[in-house]
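One-letter residues, chain by chain:
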Amino acid sequence: MATAPPADQLRLLDVQELDTRLQQLAHQRKNLPEIARIAELDAQVQDLATSLVESRTAASDLRRELKKAEADVEQVRTRAARDQARLDSGQVGAKDAQALVGELESLARRQGVLEEVELDVMERLEAHEEALGRLESANAELEAARAEVVAARDARFAELDEEAAQVAERRRAAADGIDSALLALYERVRDQNGGRGVVAMRGRRLEGLNVDLSPAELAAVTSAAPDQVVRLEDYGHIVVRPEAVGA
């Protein structure tokens, strides 16, 4: 395309400004500090999760071990109580009574051993549950911190998305009615150049690129007709000349 209405070329500058703002908002949304913080907290939660699973499993194993130890002690106590009741009844002969006394002594020793086992398991379980409690407390703190940061991220998302929607609407209005071929060229050049498709020339300076034209380049641009679509040789940016339309 060689020509387009100068006024349409000038309007591209407004479209570019709004496209640049949309690009900035998208960059902000993608690089919010809350996103990095959430990733950091997720890593900490994941690291702690392994320890939590191991600790909870160990605590469960110890509870089962304690339950068995308690059952073993209770079984011996029940048997001793039964033997003692028979002995106290006076309804057994001397030989049986002697056997019961011997068994009660044996059961008492056995009960002592089992109670030591029970106490050891109880102490280990208590110590382990204290450690597990600390892990669960730390996990709860991490989860609470993450929830807080997620809420902050979502609030910023909502703010940025609202502004982006408003800018997008303004962009649609700014582009409405612009020569379709000119707009298509602008979009193509913008895609090729990381978001910038048009620059304004004021004097020798190209605003948006912040470079000055050489005398030869300046002469070539200024000699072009107002409706001619001028493009930079190196990157193809459309050069809009506000002075050519009195803007």
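Okay, so let's go over this structure. Keep in mind that this is a model prediction, so the values were computed, not measured.

1. Observations regarding a negative patch on the surface
Phase 1: Side chains of Glu116, Glu123, Glu126 and Glu130 sit close together on the surface and give a patch of like negative charge.
Phase 2: The exposed category is assigned to Glu116, whose relative accessible area is 54%.

2. Thoughts on the packing of helix α2 (residues 33-89) against helix α3 (residues 94-175)
Phase 1: Contact geometry for α2 and α3: axes closest at 6 Å, N-to-C directions at 160°. Taken together, α2 and α3 sit at an angle that is classed as roughly antiparallel. Two packed elements cross with a definite hand, and for α2 against α3 that hand is left-handed.
Phase 2: Tallied by class, residues from the contact of α2 with α3 come to 33 nonpolar, seven polar and 23 charged.

3. Considering the side chain of Ser55
Phase 1: Its place among the elements puts Ser55 in helix α2.
Phase 2: By relative accessible area, Ser55 is classed as buried at 6%.
Phase 3: Once you skip the residues sitting within four places of it in the chain, Ser55 turns out to touch His128, Leu132 and Leu135.

4. Digging into the packing of aromatic side chains
Phase 1: Taken as a whole, this structure holds zero aromatic pairs when the rule is applied.
Phase 2: The ring of Phe157 carries Arg29 above its face, with NZ or CZ at 3.8 Å from the centroid.

5. As for helix α4 (residues 180-192)
Phase 1: Along its 13 residues, α4 runs 18 Å from first to last C-alpha, staying within 8% of the 18 Å computed at 1.5 Å per residue.
Phase 2: The backbone nitrogen of Ala181 lies 3.1 Å from a side-chain oxygen of the residue at the head of α4, namely Asp179.

Criteria and thresholds
Residues numbered from 1 in each chain as written. Predicted model: local features only at pLDDT ≥ 70, side-chain atom pairs only at ≥ 80, totals over all residues. Heavy atoms only, no water. Patch = residues over 30% accessible without salt bridge, like charges linked within 9 Å, V, L, I, M, F, W, Y side chains within 5 Å. Areas by Shrake-Rupley, 256 points an atom, 1.4 Å probe, with all protein chains shown as cover. Salt bridge = Lys/Arg side-chain N within 4 Å of Asp/Glu carboxyl O. Lys, Arg positive; Asp, Glu negative; His and termini not counted. Charge placed at Lys NZ, Arg CZ, Asp CG, Glu CD. Buried < 20%, exposed > 50% of the residue type's maximum accessible area, 1.4 Å probe, protein only. Axes fitted to C-alpha atoms, helices over the stretch in contact; angles between N-to-C directions. Helix = DSSP H or I, 4+ residues; strand = E, 2+ residues; numbered from the N terminus. Parallel < 35°, antiparallel > 145°, perpendicular 65-115°, else oblique. Left-handed = near helix turned anticlockwise from the far one by under 90°. Nonpolar A, V, L, I, M, F, W, Y, C, P; charged D, E, K, R; others polar. Contact = heavy atoms within 4.5 Å. Phe/Tyr/Trp six-rings, centres within 6.5 Å; stacked < 30°, edge-to-face > 60°. Lys NZ or Arg CZ within 6 Å of the ring centre and 35° of its normal. Expected span 1.5 Å × (residues − 1). Polar contact = N/O pair within 3.5 Å; in protein donor to acceptor, adjacent residues only side chain to side chain.

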